[in-house]
Amino acid sequence: MDFLLIGGPGERASAERIVAKAASPVVNVVGALSLTTLLAVLGQAHLFLGNESGPMHMAAAAGTPVVGLFGLTDPAVWGPVGVASVTPRPSMPCECIARDLCRRPDPSKACCVWRLEVKAVVDPVLAILSRKVKDVEHAL
């Protein structure tokens with residue numbers, strides 16, 4: 001299984017660090033896709049895993065299941081629509097772990113999502129991917 005790493009041009013350094021430490025093959029297209037191409041790629045994906053973002057909503061619009069990571073914003077209001085989705089969010093109000101970085105009330109400047117437990121993210125990812133595998137096996 002290959003993983004595709006997407007993001008904006010400002011995230012290239014972070015992406016390179018992720019690729020360098022990844023145990024599985026990762027295709028890094030950070031900053032390299034047009035929105036049209038990104039939508040087409042997301043439509044072919046088995047799963048979108050990422051933060052609350054434009055690409056998360058694009059994946060949902062393309063029919064791709066989503067595990068969307070939320071911090072300050074409420075997934076009941078801002079979560080993906082129309083697809084199977086799980087939206088892990090740490091307990092609120094946030095016990096800030098990065099007071100020098102967080103800038104309330106701007107959700108893009110909040111680090112609440114860093115408080116998510118790994119299990120709260122991994123379990124839904126594995127559940128969605130296992131359903132996908134069963135769908136493929138059933139089709140054969």
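As the structure is a prediction and not an experimental result, all values here were calculated from the model.

### A look at the packing of helix 2 (residues 35-44) against helix 3 (residues 54-61)
Point 1. Following both chains from N to C, one finds helix 2 and helix 3 inclined at 55 degrees, their axes separated by 8 Å at the closest point. Accordingly, the angle class assigned to the pair helix 2 and helix 3 is oblique. At the point where helix 2 passes helix 3, the crossing takes the right-handed sense. Across from Leu35, Leu38, Leu39 and Leu42 in helix 2, the residues of helix 3 making contact are Pro55, Met58 and Ala59.
Point 2. Considered class by class, the residues forming the contact of helix 2 with helix 3 number seven nonpolar, no polar and no charged.

### Some details on the pattern of salt bridges
Any two side chains of opposite charge can pair, so long as their charged atoms come close to each other.
Point 1. Counted by the stated rule, this structure contains one salt bridge.
Point 2. A salt bridge links Lys119 to Asp123; the nearest nitrogen and oxygen atoms lie 2.6 Å apart. Residue Lys119 and its partner Asp123 are located together in helix 5 (residues 118-139), separated by four residues, close to a single helical turn.
Point 3. According to the relative accessible area criterion, Asp123 is partly exposed, its value standing at 34%.

### Thoughts on the side chain of Thr64
Point 1. Its location among the elements puts Thr64 in the loop between helix 3 and strand 4 (66-69).
Point 2. Residue classification places Thr64 among the buried residues on the basis of a relative accessible area of 1%.
Point 3. Side-chain polar atoms of Thr64 contact the backbone oxygen of Leu42, separated by 2.4 Å.
Point 4. With sequence-adjacent residues up to four places away left out, Thr64 is seen in contact with Leu42, Gly43, Ala45, His46, Leu47, Phe48, Ala59 and Val83.

Rules and cut-offs
- Residues numbered from 1 in each chain as written.
- Predicted model: local features only at pLDDT ≥ 70, side-chain atom pairs only at ≥ 80, totals over all residues.
- Heavy atoms only, no water.
- Axes fitted to C-alpha atoms, helices over the stretch in contact; angles between N-to-C directions.
- Helix = DSSP H or I, 4+ residues; strand = E, 2+ residues; numbered from the N terminus.
- Parallel < 35°, antiparallel > 145°, perpendicular 65-115°, else oblique.
- Left-handed = near helix turned anticlockwise from the far one by under 90°.
- Contact = heavy atoms within 4.5 Å.
- Nonpolar A, V, L, I, M, F, W, Y, C, P; charged D, E, K, R; others polar.
- Salt bridge = Lys/Arg side-chain N within 4 Å of Asp/Glu carboxyl O.
- Buried < 20%, exposed > 50% of the residue type's maximum accessible area, 1.4 Å probe, protein only.
- Polar contact = N/O pair within 3.5 Å; in protein donor to acceptor, adjacent residues only side chain to side chain.

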